[in-house]
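So the chains spell out like this:
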Amino acid sequence: MKRKLIALLMVMVMAFALTACGDEAKPAADNAAPAADDKAADDAAPADNADSGKTIKVGIINNDPNESGYRTANDKDLKAKFSAENGYDAQFAYSLKNDEQQASAKKFIEDGVDYLLLSAADTAGWDSVLKQAQDAGTKVILFDRTIDADPSLYEASIVSDMDKEGQTAVDWLAGQNLSEYNIIHIQGVMGSAAQKGRSGALDAKKADGWNIVEQQTAEWNAEKAQQIVQAVIDGGKKFNVIYAENDDMAKGAVAALDKANISHGVGKDVIVMGFDCNKWALEELLKKNWNYDGQCNPFQSSYIDDVIKKLEAGETLAEKTIVMDEKGFDAESITQEDVDNYGI
């Protein structure tokens, strides 16, 4: 009897011990691998830039967005891409003056941005600022415009070929086979890559007997361009070509022609040339009120974003300079499809 009692007690103790282990095991489920549904939800959660979980700080230095239709489109494109939703913490600064841009660049570097994106107002004078960025570990990417600096000071340059833009335009003008070339040349902001490229090709034609009746900067501004052309008209100078280095200045020039009742466009008294391919400017070509417009692509943010993703992944860039394809449009061959596809 005594042995049976002891055996019964041992069975009860073992049962109690097993029950207690089971209770202690339950909290361990909190540390177990998530259920399939939970894991799927985690995988679906958005990550910051390039799935890295890192928000990338960028300082973007650009020209005034109100400078032209091109610049407005360029700024809008950059703001859409370099957003919090795309994993970026972006700061913007604007100026048409090199010293103001450089002051903004120094502040961004001091703020510890990961990348400095730069569209320089002037090609010269950037070496010391870029060296400061390099020393601070800030990577520099040029966009829209080149600068005269050691390539080792920046990671990449996403640009239009301004020299080619100018040459394409001047080649087109030469192909018009005018009996004489008397040209009002309206320049952009002096020293900018766009101004240098678009002016250089035309300046070279002076040796071929082309007459530059007037050559002034209107700083991309339509009203200033109108004043320049009005002064030429008032001075009684003979001209048959307006070569304006952006669409807004061409528009201002045309306003002066209209005021003086001077015809312009295909088969008219004055050939009108612009750059940038604003949609409204291409429509002027379609109506044959203007003669030529040179394309300048403002949509560079996807190129920059791609470069940043590669650098963040530790990849080596195949090319430091990335040149976008561009073309020129002739009023006699442009189509509505061209306007819709290339107008900005």
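Predicted model only: the values in this text are computed from it and were never measured.

Novice: Please explain the overall build of the chain as it appears in this structure.
Specialist: The helix and strand inventory of the chain stands at 12 helices and 12 strands. Evaluated residue by residue, the chain yields a buried proportion of 44% over its 344 residues. Pairs at least 24 residues apart make up 72% of the contacts formed inside the chain by residues separated by at least 6 positions. Accessible area for the chain stands at about 17,200 Å²; split by element, carbon and sulfur atoms hold 50% of it.

Novice: Whenever I open this one, the state of the cysteines confuses me. Can you help?
Specialist: One covalent bond between the sulfur atoms of two cysteine residues makes up a disulfide. Considering all chains together, one arrives at 0 disulfides under this definition. For the unlinked cysteine Cys277, the closest cysteine sulfur is that of Cys296, found at 8.8 Å. When its relative accessible area of 0% is taken as the criterion, Cys277 is described as buried. Accessibility expressed as a relative area gives 3% for Cys296, which makes it buried.

Novice: Sorry, what's going on with the sheet that holds strand E12 (residues 328–330) here?
Specialist: Strand pairing in a sheet relies on backbone hydrogen bonds. The paired strands run either parallel or antiparallel. Pairing within the open sheet is mixed, and its 6 strands lie in the order E7-E6-E8-E9-E10-E12. Each edge of the open sheet is held by one strand with a lone partner, namely strand E7 (211–217) and E12. Going from strand to strand, the sheet's axes swing by 15° on average, the running direction of each strand aside. As judged from the 3 bridges shared by strand E10 (residues 292–295) and E12, these two strands associate in the antiparallel manner. What sits directly across from Tyr292, in E12, is Asp330. Strand contacts of helix H7 (residues 193–203): strand E6 (182–187), E7, strand E8 (241–244) and strand E9 (271–276), with the helix running at about 165° to E6, the strand carrying the most contacts.

Novice: Is there a simple way to explain the side chain of Ser95 in this structure?
Specialist: Its place among the elements puts Ser95 in the loop between strand E2 (88–94) and helix H4 (98–110). For Ser95, a relative accessible area of 7% puts it in the buried group. Beyond its immediate stretch of four places on either side in the chain, Ser95 contacts Asn62, Asn63, Asp64, Glu100, Gln101 and Ala121.

Novice: It is not clear to me how H7 should be interpreted in this structure. Could you clarify?
Specialist: Working note: α-helix, 3.6 residues per turn, so residues spaced by three or four point in the same direction. Across the 11 residues of H7, 8 count as buried, placing the element largely inside the fold. For H7, the complete set of buried residues consists of Ala193, Ala194, Gln195, Gly197, Arg198, Ser199, Ala201 and Leu202.

Conventions we followed
Residues numbered from 1 in each chain as written. Predicted model: local features only at pLDDT ≥ 70, side-chain atom pairs only at ≥ 80, totals over all residues. Heavy atoms only, no water. Helix = DSSP H or I, 4+ residues; strand = E, 2+ residues; numbered from the N terminus. Buried < 20%, exposed > 50% of the residue type's maximum accessible area, 1.4 Å probe, protein only. Contact = heavy atoms within 4.5 Å. Areas by Shrake-Rupley, 256 points an atom, 1.4 Å probe, with all protein chains shown as cover. Disulfide = S-S within 2.5 Å. Pairing = 2+ DSSP bridges. Axes fitted to C-alpha atoms, helices over the stretch in contact; angles between N-to-C directions.

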